[in-house]
Amino acid sequence: MINTFIGNLGHFMVILAFVSSLVTAYSYYQYTVVSEIEKASWRKFSRVFFYIHAISAVSIAAVLFYIIYTFRFEYFYAYSHASKSLPVHYMISSFWEGQEGSFILWIFWDVILGLVLIHTNKSWEGPVMVVFSLVQAFLVSMILGVVIGDLKIGSSPFILLREVANAPIFEVNPDFVPEDGTGLNPLLQNIWMVIHPPTLFLGYASTLVPFAYLMAGLWTGRFKEWIRPALPWTIFSALILGMGIIMGAYWAYVTLNFGGYWNWDPVENASFVPWLIIVAAIHTMITFKKSSTALKTSIVLVTLQFILVLYATFLVRSGVLGDTSVHSFTDLGLSGQLLIYLFFFMFVAIYFSARSWNKIPTSEKEASVYSREFWIFIGATTLGLMAFQIILPTSIPVFNAIVEAFGGISNMAPPADPVTFYTKFQLWFGVVLALLTAVGQFFWWKKMDKKALKNALATPYIISLLLAAVIITVAKVFNIAYMVIVLAGTFTIVANATILAGLLKKSTFKLAGGSLAHIGLGLILIGVMFSSGYSDVISINMSGLTYKKDWEDELNKENVLLWINKPLQMKDYEVVYRGRNKKLEGVPGYVSVNKLESTDNINEAIALEDITIDGKTYHKKGDKVNIVLEENSYFEIEYYQDQKLQFTLFPMSQPNPTMGLISSPDSKHFLQKDLYTHVSAINSYEDPEWSEGNTYEASPGEQFHLGDYVTTFEGGEVLNEVEGVDLEEGDVAVKAKLTVHDHDMNIPLEPIFLIRGNSVGKIPSINNDLGIKVQVDNISPETNKFSFKVNTYQKDYVVMKALVKPHINVLWIGTIIMLIGFGVAIYRRYDEFVKMRDKGLE
Amino acid sequence: MKKGHILGLGIIAVAIMIIISSIGDASSYESFSTAKEMANSGDDAPIHVVGQLTKDSMGTVTGLEVSEDKTSFTFTMIDNDGTVQQVYYNEPVPSDFIRSEQVVVIGAYKNENMFVADKILMKCPSKYQETELKTASM
């Protein structure tokens, strides 16, 4: 039965959230502008409405999750993003797979941040919350789902399936509810995809906080004071958004099969660009706090990071990237609304900045080359140029759209090879940044002139030269550009480590944030260089055949075809494909599909033999077992060296009815490298079409060729009982024992021949791996010969690709150290803010 | 000249370099016929061609030939000008290839008859949003 109540409740909550955010904005505005006497009551009123807004926003999320969790497929959102076979944690992913759900997530985080701000602030609450509530009104309008004529405001996640789908079934039965939903995009069925979007959206949401402080400061004439409360939040944004981006990269690395962690895809770029600007903003804000310069730059950067987040959202969600990105959303008709949102805050920011521009204090003093301000400014500029270089080509589809909107024709396309294109610039920017951080940190902590600088840098410089020389020789880095990276990376690590050691000696860990983050940067640079620059495809197909005669070029094929059980040499390894496996609930490791027979129920199978792993029997033959996501198969690939099994990898693949084959790689992690394997194509997964049969005759003990396989007919055995058949008096059952030799494997096939009176029964033996079905056609007692009828099908295979990613751990360690650095810095700046606030100075 | 000005000029110079290089390295959406002209005049820069897979009257994709070792394939594609062209791709058939409504191939002509794709982008309308109820799920 259709439950319309819950959807109506959700929709009501959306409207309530929208109205309450507008009321809150108005009342906080009043609170800010009215006289002291009236303030208390306006504040109370505003808070009450913000709480109402908070409760309704949380309810929206709860209702949507309830709809997904209880499989209410009468709702379009649940139908198109969930299915019954999903485990609970993937239902969480279903929640934000759609645009509406991710807007709700964004709204939710803003509410949390707003509540934190209300309770940690004294004098900023009013103006900051005006900006907050206005942003919330815009965000909630994205899920309003109000249609007035041609005007569509927002897309509601609470619409019923029958309102969207034009299926004829609804004319017959309006209360029709589909049995199951279409499920979650299998690429998102990954634990990183459960936690990556909330992190990223918290990062996105948190960029609002510094922006709100800035607007509040400009509005109320506190042109300088906003920096102190905004700074810890800006670092918080950098930490969380950075974490979200890294998780995304890690997800791409472990789940997607492009063979890396960064693809310069427009969607990736769109989140990376604001992050760069946030980091630049942190630096100019810190400079301002120390020496009252760079305030105007900070204002520009803080505005820009917020606007860029909106621009990123627009790029990803408007469908404008449809031709250039593999994972942007399709257009929901919200792009106009998003643009209004973007332009509104852009104009507000420009208006307030322009109004107060002349009143904003600037330092007249020219920054000396030996001042930290100068070097930090160069660093922030470099970050800005990095961002510019990425956003410009990423926006090419937007330029085309604009040109076309004015009636022109533009057929510009993004660079054909984005990785080479972006690397060309970003590599050198990275080197410049590394050098700047190394030098900049010394300027930061010490008063510098020419001589002092020379003295301070001499030791780290020499140490890093030696260190770099060792790395270059040992790791055979013979490319000039890469050598420069190693040098710059080690220099920043050594220089910052020197600073860090000095700080720790004075036992002021609180101040270590900067040097930690910079050490992280150095490690990231070196890690990226090794893992990308020296990534090696080891699955090169050596067949050497040219594809077509009329075309001379030989192309290396980066994939290899592995027939089951047939070994293949691949660089240092010999690899063998051993067949498909499933994951079972409560059973560690993987279980061969040959031990399972699927039932009609989702994720359920019958064990065909005992399931024993490491000596422990988890299921007995005939037990019902639960499969974890039946659609997923794990392809067992063994890696040998010197005839010895080194390790086994289980890359996953899912033949998806709507998307075709979805693959997730598996990696062997070594300390100094990863060996990464993924499946590019698999044998057909439909019911096999058996070939017309061949007949073979053999006597016991004889060897013969069964198709491509040498086979031994061990002999016949009279049976007293046959599974699934009740033997009667006088029945004769004979089992033929065949052993098929396939390379190093001996595979038993045991067809059964039954005689009851004048009729015969034949129970074939099937092996799907080999693609063989064999049955005993006849037994002639006179000649003692069995005749076998054999049908064949393609034997199982997998097409796979394997890469070695050297020193990828350096990259991951670097990112972790950088994020810890941000964390330390947040603690320090927040502590500062609290102390000032409690003194009443904020 | 103040240091600030030199710095500003430096920044502007780098920004201009970035803009010029972005325009220079940007590819373009072309048809097969212009791609062929480009190749004939010695320009082997990769370009984007947008088109569809050829299909028979039943809607099944035609002209798809997978190599024996299944690690590469050729297919025929019809661009927006109606030119039919055989395209070679040195990778296994992408998972949702035959379901794609539109394909973008990025590559260049290697000879008169063969367009070699370095990369294929596919657009499957059902990829991220279900717009139709599939009968199979009824």
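Computed from a predicted model, the values in this text were never measured in an experiment. (Residues numbered from 1 in each chain as written. Chains lettered and ligands numbered in written order. Predicted model: local features only at pLDDT ≥ 70, side-chain atom pairs only at ≥ 80, totals over all residues. Heavy atoms only, no water.)

### Looking at the overall build of chain B
Quick reminder of the rule: Each helix corresponds to a stretch of at least 4 residues labelled H or I by DSSP, and each strand to a stretch of at least 2 residues labelled E; elements are numbered beginning at the N terminus. Here the term buried applies to any residue with accessible area under 20% of the maximum for its type, exposed to any over 50%, and partly exposed to those in between, with areas from a 1.4 Å probe on protein chains only. Contact definition: two residues touch when any of their heavy atoms are within 4.5 Å. Computed with the Shrake-Rupley method and a 1.4 Å probe, the accessible areas treat only the protein chains shown as cover for residues.
A tally of regular secondary structure across chain B gives 2 helices and 7 strands. Its helices and strands in sequence order give chain B the pattern α-β-α-β-β-β-β-β-β, from N to C terminus. Across the 138 residues that make up chain B, the buried fraction comes to 45%. Sequence separation of 24 or more characterises 49% of the internal contacts of chain B that already satisfy a separation of 6 or more. Accessible area of chain B: about 6900 Å², with a carbon and sulfur share of 56%.

### Some remarks on the overall build of chain A
Convention followed: Charge counting follows a simple rule: Lys and Arg are positive, Asp and Glu are negative, and His as well as the terminal groups are ignored. The atom standing in for a charge is NZ when the residue is Lys, CZ when it is Arg, CG when it is Asp and CD when it is Glu.
Along chain A, the regular secondary structure elements total 21 helices and 30 strands. With the principal axes as the frame, chain A shows a C-alpha extent of 115 × 75 × 60 Å. Separation between the mean location of the 62 positive side-chain charges and that of the 73 negative ones in chain A comes to 19 Å.

### Re the confidence of the model for chain B
Residue and element names in this part refer to chain B. The test is simple: Residue-level confidence of the predictor is what pLDDT reports, using numbers from 0 through 100.
Taken as a whole, chain B shows an average pLDDT of 79; of its residues, 88% reach a score of 70 or greater. No element of chain B has a lower mean pLDDT than strand β1 (residues 27-30), at 82, and none a higher one than strand β5 (residues 84-89), at 90. Contacts from residues 126-138, a stretch scored under 50 in pLDDT, to residues over four places away or in other chains number 30 contacts. This complex was scored by the predictor with a pTM of 0.89 and an ipTM of 0.83.

### Re the sheet that holds strand β20 (residues 694-698) of chain A
Residues and elements named next belong to chain A. Spelled out, the test is: Two strands qualify as a pair provided that DSSP identifies no fewer than 2 bridges between them. Fitting a line to C-alpha atoms yields each axis, with helices limited to the stretch in contact; the angle taken between N-to-C directions then spans 0 to 180 degrees.
Spatially, β20-β29-β28-β27 is the arrangement adopted by the 4 strands of the open sheet, whose pairing is antiparallel. On the outer flanks of this sheet lie β20 and β27 (765-767), each paired with one strand and no other. Across the sheet, the mean angle from the axis of one strand to that of its neighbour is 25°, orientation sign disregarded.

### Observations concerning the packing of helix α13 (residues 295-317) of chain A against helix α14 (residues 335-356) of chain A
Residue and element names in this part refer to chain A. Quick note on the threshold: Oblique is the label for every angle not falling under 35 degrees (roughly parallel), over 145 degrees (roughly antiparallel), or within 65 to 115 degrees (roughly perpendicular). Three classes are used, and their members are as follows: Ala, Val, Leu, Ile, Met, Phe, Trp, Tyr, Cys and Pro are nonpolar, Asp, Glu, Lys and Arg are charged, and the others, Gly among them, are polar.
Two elements in contact, α13 and α14, have axes whose closest approach is 9 Å; the angle formed by their N-to-C orientations is 170°. With respect to α14, the element α13 is oriented roughly antiparallel. Listed contacts from α14 to Ile299, Thr303, Phe306, Ile307, Leu310, Tyr311, Thr313, Phe314 and Arg317 of α13 are Ser335, Leu338, Leu339, Tyr341, Leu342, Phe345, Met346, Ala349 and Ser353. For the contact of α13 with α14, the per-class residue count stands at 13 nonpolar, 4 polar and 1 charged.

### Structural notes on the side chain of Thr234 of chain A
Its place among the elements puts Thr234 of chain A in helix α11 (residues 227-255). Other than its neighbours up to four places away in sequence, Thr234 of chain A contacts Pro210, Ile278, Ala281, Ile282 and Met285 of chain A.

### Observations regarding the pairing of strand β6 (residues 102-109) of chain B
Residue and element names in this part refer to chain B. Counting buried positions along β6 gives 8 out of 8 residues, so the element sits mostly inside the fold. Note: strand β2 (residues 47-53) against β6, 5 bridges, orientation antiparallel. Bridge pairing in β6 links Ile47 to Gly107. One ladder, built from 8 bridges, connects β6 with strand β7 (residues 115-123); its direction is antiparallel. In the sheet register, Tyr109 faces β7, and the bridge partner there is Phe115. Counting the residues in the hairpin turn of β6 and β7 gives 5 residues.

### With respect to the packing of helix α2 (residues 36-69) of chain A against helix α4 (residues 88-97) of chain A
Residues and elements named next belong to chain A. Using the following cut-off: Crossing handedness is defined as follows: a turn of the near helix away from the far one that is anticlockwise and smaller than a right angle gives a left-handed crossing, while the clockwise case is right-handed.
For the pair α2 and α4, the least separation of the axes is 10 Å and the interaxial angle reads 125°. It follows that α2 is oblique to α4 by the angle criterion. Crossing geometry of α2 relative to α4 is assigned as right-handed. Packed against α2, whose contacting residues are Ala61, Leu64, Phe65, Ile68 and Tyr69, the element α4 presents Val88, Met91, Ile92, Ser94 and Phe95 at the interface. Tallied by class, the residues present in the contact of α2 with α4 amount to 9 nonpolar, 1 polar and no charged.

### Some thoughts on unusual backbone geometry
Residue and element names in this part refer to chain A. A positive phi is found at Asn565, a non-glycine position, where the angle reads about 65°. Summarising the element assignment, Asn565 is placed in the loop between β5 (560-563) and β6 (568-570). For Gln643, which is not glycine, the phi dihedral falls at a positive 65°. The exposure class of Gln643 is exposed, given its relative accessible area of 70%.

### Points about the packing of aromatic side chains
All names here are of chain A. Put simply, the rule is: In this analysis, rings of Phe, Tyr and Trp, with Trp reduced to its six-membered ring, are considered paired at centre separations within 6.5 Å, and the interplanar angle assigns stacked below 30 degrees, edge-to-face beyond 60, and tilted for intermediate values. Geometrically, a lysine NZ or arginine CZ counts as sitting over a ring once it is within 6 Å of the ring centre and also within 35 degrees of the ring normal.
This model, assessed by the stated rule, comprises 67 aromatic pairs over all chains. Consider the rings of Phe103 and Trp106, whose centres lie 6.4 Å apart with planes at 15°: the pair is stacked. Of the two residues, Phe103 and Trp106 are both situated in helix α5 (residues 99-120); the distance of 3 residues between them amounts to about one turn of the helix. A relative accessible area of 3% means that Trp106 is categorised as buried. Centroid distance Trp106 to Phe201: 5.8 Å. Interplanar angle 55°. Geometry classified as tilted. Note that Trp106 is positioned in helix α5 and Phe201 in helix α9 (residues 191-206), a separation of 95 residues in sequence. Accessibility assignment for this pair places Trp106 and Phe201 in one class, buried. Geometry around Trp124 places Arg222 over its ring, the cationic atom sitting 3.8 Å from the centre. One Lys or Arg, Lys668, reaches over the ring of Phe670 and ends 5.9 Å from the middle of that ring.

### Let's talk about the environment of Trp109 of chain A
All names here are of chain A. To be explicit about the condition: Polar contact is the term for a pair of N or O atoms within 3.5 Å; when the atoms are in protein, one must be able to donate a hydrogen and the other to accept it, and sequence-neighboring residues count only if both atoms are side-chain atoms.
Within the secondary structure layout, Trp109 lies in helix α5. In this view, Trp109 contacts Pro198, Phe201, Leu202 and Ala205; residues no more than four positions away in its chain are not counted. A polar atom in the side chain of Trp109 sits 3.0 Å from the backbone oxygen of Pro198.

### Thoughts on helix α1 (residues 3-25) of chain B
Just so we agree on the cut-off: The length a helix should cover is 1.5 Å for every residue beyond the first.
Counted at 1.5 Å a residue, the expected span for α1 of chain B with its 23 residues is 33 Å, and the 33 Å between its end C-alpha atoms agrees. Listed as buried for α1 of chain B are Ala15, Ile18, Ser21 and Ser22 of chain B.

### Thoughts on the pattern of salt bridges
Filter applied, for reference: One side-chain nitrogen of Lys or Arg within 4 Å of one carboxyl oxygen of Asp or Glu is enough to make a salt bridge.
If you walk through the whole model with that rule in mind, you get 21 salt bridges over all chains. Within this structure, Lys289, Arg828, Arg829 and Glu832 of chain A form a network of salt bridges that share partners.

### Focus: the sheet that holds strand β13 (residues 624-626) of chain A
All names here are of chain A. The strand order across the open sheet built from 3 strands is β9-β10-β13, with neighbouring strands paired in antiparallel fashion. Every other strand in the sheet has two partners, leaving β9 (596-598) and β13 as the edge strands with one partner each. Between one strand axis and the next, the sheet turns through 40° on average, direction left out of account. Alignment of β9 against strand β10 (residues 604-607), held across 3 bridges, turns out to be antiparallel. By the bridge assignment, Leu596 is partnered in β10 with Ala607.

### Quick word on the environment of Gly716 of chain A
Residues and elements named next belong to chain A. Mapped onto the elements of the fold, Gly716 is located in strand β22 (residues 709-718). For Gly716, a relative accessible area of 44% translates into the label partly exposed. As for Gly716 and Phe132, which are separated by 584 residues in sequence, their C-alpha atoms are 82 Å apart. Beyond its immediate stretch of four places on either side in the chain, Gly716 contacts Val734, Lys735, Ala736 and Phe786.

### Things to note about the nonpolar core
Residue and element names in this part refer to chain A. Inclusion rule: By nonpolar core is meant a set of buried Ala, Val, Leu, Ile, Met, Phe, Trp, Tyr and Cys residues that side-chain atoms within 4.5 Å join together.
In terms of nonpolar packing, the biggest core is built from 148 residues, with Trp226, Trp275, Tyr341 and Phe822 touching the most fellow members. Excluding its chain neighbours within four sequence positions, the residues that come into contact with Trp275 are Ala238, Leu241, Gly242, Ile245, Met818 and Phe822. Listed in part, the 41 residues of the second largest apolar core include Ile747, Ile772, Val774 and Val804.

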